[in-house]
Amino acid sequence: MEFKLNSKELEKHLSKIIPGVPTKTPMTILENFLFEITDGLLTIYATDLEISLQTSLNVVSDSNAKIVVPAHLLFNVIKTLKDTTIQFKVQDNGKLLLTTNTGKYTLSYLEATEFPEIPSIKTDEQNTKDINEFTIQGNELKESIDKTSFAMSREEMRPAMMGTLFEFDDDGLRFVATDGHKLVNLLNKKVTTKINQQYIVPERAISVLSKILDEREVKVYLSKTHVSFRLSELQLITRVIGQKYPDYASVIPVENEFSLKINTKELSDAIKRMMLFSVSSIRKVKFSIKKDVVNISAEEASIGASGEENVPCEYSGDDLEIGFNSAFLNDILNHISAENEIVFKLHSPTKAVIVIPVEKKDNYDLTMLLMPVRLNN
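Residues numbered from 1 in each chain as written. Predicted model: local features only at pLDDT ≥ 70, side-chain atom pairs only at ≥ 80, totals over all residues. Heavy atoms only, no water.

(A) Expanded view of the overall build of the protein. Each helix and strand counted, the protein has six helices and 27 strands in total. In terms of its C-alpha atoms, the protein occupies a principal-axis envelope of roughly 80 × 50 × 35 Å. Put simply, the protein has 377 residues, and 51% of those count as buried. Across the protein, the fraction of contacts at a sequence separation of at least 24, relative to all contacts at a separation of at least 6, is 66%. Roughly 18600 Å² of accessible area belongs to the protein as shown, and the carbon and sulfur atoms make up 47% of that amount. In the protein, 44 positive and 53 negative side-chain charges are present, and the distance between their average locations comes to 2 Å. (Helix = DSSP H or I, 4+ residues; strand = E, 2+ residues; numbered from the N terminus. Buried < 20%, exposed > 50% of the residue type's maximum accessible area, 1.4 Å probe, protein only. Contact = heavy atoms within 4.5 Å. Areas by Shrake-Rupley, 256 points an atom, 1.4 Å probe, with all protein chains shown as cover. Lys, Arg positive; Asp, Glu negative; His and termini not counted. Charge placed at Lys NZ, Arg CZ, Asp CG, Glu CD.)

(B) Summary view of the sheet that holds strand β5 (residues 60-61). The five strands lie next to each other as β5-β1-β7-β8-β9, forming an open sheet whose pairing is antiparallel. Strands with a single pairing partner mark the edges of an open sheet, and in this sheet they are β5 and β9 (104-108). One ladder, built from two bridges, connects strand β1 (residues 2-6) with β5; its direction is antiparallel. Residue pairing across strands places F3 opposite S61, the latter belonging to β5. Contacts between helix α1 (residues 7-17) and the sheet are confined to β1 and β7 (85-90), with β1 contributing the most and set at about 85° to the helix. Against the sheet, helix α2 (residues 71-79) makes contact with β7, β8 (95-99) and β9, and its axis sits at roughly 165° relative to β9, the strand it touches most. (Pairing = 2+ DSSP bridges. Axes fitted to C-alpha atoms, helices over the stretch in contact; angles between N-to-C directions.)

(C) Examining the pattern of salt bridges more closely. Going through the model one piece at a time under the given rule, you end up with 20 salt bridges. The salt bridge involving R216 is made with E233; its shortest N-O contact spans 3.4 Å. Residue R216 is located in the loop between α4 (203-212) and β16 (217-222), and its partner E233 is located in the loop between β17 (226-231) and β18 (234-239); the two are separated by 17 residues in the primary sequence. Residue classification places R216 among the partly exposed positions, given a relative accessible area of 23%. The partner of K265 in a salt bridge is D269, with the nearest N and O atoms 2.8 Å apart. Taken together, the residues K265 and D269, both in helix α5 (residues 264-274) and four residues apart, mark about one turn of the helix. The partly exposed category is assigned to D269, whose relative accessible area is 27%. Residues joined in a network through salt bridges with shared partners are E167, D169 and R174. (Salt bridge = Lys/Arg side-chain N within 4 Å of Asp/Glu carboxyl O.)

(D) Structural detail: the sheet that holds strand β19 (residues 258-263). Judged by pairing direction, the sheet is antiparallel, and its nine strands sit side by side in the order β15-β12-β13-β14-β27-β26-β25-β19-β23 without closing on themselves. In the strand order of this sheet, the two ends are held by β15 (198-202) and β23 (314-316), each with one partner. Each adjacent strand pair in this sheet contributes to an overall mean axis angle of 20°, direction not counted. As paired elements, strand β25 (residues 341-346) and strand β26 (residues 353-357) share four bridges and run antiparallel to each other. Of the residues in β26, the one forming a bridge with V343 is I356. Against the sheet, α4 makes contact with β12 (163-169) and β15, and its axis sits at roughly 75° relative to β15, the strand it touches most. Against the sheet, helix α6 (residues 326-334) engages β14 (182-188), β25, β26 and β27 (364-370), with an angle of about 170° to β27.

(E) Here's a closer look at the packing of aromatic side chains. Taken as a whole and assessed by the stated rule, the structure comprises eight aromatic pairs. On the numbers, 5.2 Å between centres and 65° between planes, the contact of F134 with F168 is edge-to-face. With a gap of 34 residues between them, F134 in strand β11 (residues 132-137) and F168 in strand β12 connect regions that are remote in the sequence. The pair F134 / F168 is uniform in exposure class, with both members buried. Between the aromatic rings of F287 and F344, the centroid separation amounts to 6.3 Å while the plane-to-plane angle is 50°, which identifies the pairing as tilted. Linking F287 in strand β20 (residues 284-289) with F344 in strand β25, this pair joins segments that are 57 residues apart in sequence. Both residues of the pair, F287 and F344, count as buried. (Phe/Tyr/Trp six-rings, centres within 6.5 Å; stacked < 30°, edge-to-face > 60°.)

(F) Looking closely at the side chain of S278. Relative to the assigned elements, S278 resides in the loop between α5 and β20. Within the structure, S278 has its side chain in polar contact with the backbone oxygen of M274 (distance 3.2 Å). In terms of polar contacts, S278 uses its side chain to reach the side chain of S326, at 3.0 Å. (Polar contact = N/O pair within 3.5 Å; in protein donor to acceptor, adjacent residues only side chain to side chain.)

(G) Representation of the pairing of strand β13 (residues 172-178) within the structure. Across the seven residues that make up β13, a large majority, seven, are buried. In terms of strand pairing, β12 meets β13 through five bridges, oriented antiparallel. By the bridge assignment for β13, F166 is matched with F175. For β13 and β14, the ladder comprises six bridges, and the chain directions are antiparallel. Each residue of the ladder has a partner; that of L173, found in β14, is N188. Counting the residues between successive antiparallel strands, the hairpin from β13 to β14 contains three residues, one of them, G180, with a positive phi of roughly 90°.

(H) Structural view of the nonpolar core. Grouped together as the largest cluster of nonpolar side chains are 97 residues, with contacts concentrated most on F33, F166 and F287. In terms of residue count, the dominant contributor to this core is α4 (five residues). Not counting chain neighbours up to four residues away, the residues in contact with F287 comprise L267, I271, V294, N295, I296, L320, E321, I322, F324 and L329. In terms of nonpolar packing, the next biggest core, distinct from the first, is built from 14 residues, I200, V343, I356 and L369 among them. (Core = buried A, V, L, I, M, F, W, Y, C linked by side-chain atoms within 4.5 Å.)

As far as function goes, none of this settles anything; it's purely spatial.
This is the structure we're talking about:
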């Protein structure tokens, strides 16, 4: 059986699904692509059993077929070719022959029966009662998960926190991530649905999704066990984490009456320098806050080094000294860097601190939370 493809078109499609191929796995079959040709449509699958990616393109083919081909070898060959037509010939001896006008390349293939079954979310009329769906622009979804996902936990003891929460309510679609030290809560008001449920999307899927999203519209289908993100010919399917997400709203303080307004870049630059002087496990940086200036300092006694800077601010509240983990604070500042000014809402040296943008957006609300670290007196 034979079929033809343009090298650059195939490269574009393979580059979207190659992230679904695991680099190290005891199941070597997962290091392959599944090629399925049905009536002139080629669908290519990749999976690591947690997420699955698939893409489709039209081909000129003389029959239908399903084969499993080595993913990275094929992709590396295709991406180094010039813009040319590739003729694929599936031979009976287990070999796949690729021919261009200048070369020939032979790869081994396996039977498709060895490839794991790809999960699917059926969206026909008989199954829609168990499926929720909504539509969102790809760049909006990317911005939302990029601003929140960095706060996801990496600790396997907290499986529910090892993903990003998608929570639907009357206000819109809320994205939440937390590791117990920091928390991000972003409400996208443009997504209005009749869904009132929570879904936890795992870190692996979030990471891959961020890489493949663009400005195209995304159709999202949600079941009790899986979520599907569809971008025209490209689809990502992931399992959802079957755990209850922590009550994040209960940890967001409501009585933080002290307000510190500060330039985001000036603070971020100062923190990056203070990180050079806070390399221990706690990575402590100290804020000494007064009416119009915050003194930021760090000391690393083990190497006899210290640093401090004064950053101008607008502060209303009692003079306050509070400590933070500089790495966690730096993470927050990096993901709110698009904001010119931010506000810290504080209460005491031991109470969680709220970080919000000064400029309010029409379409979304962003709230970040950071736990302080204790200062040694």
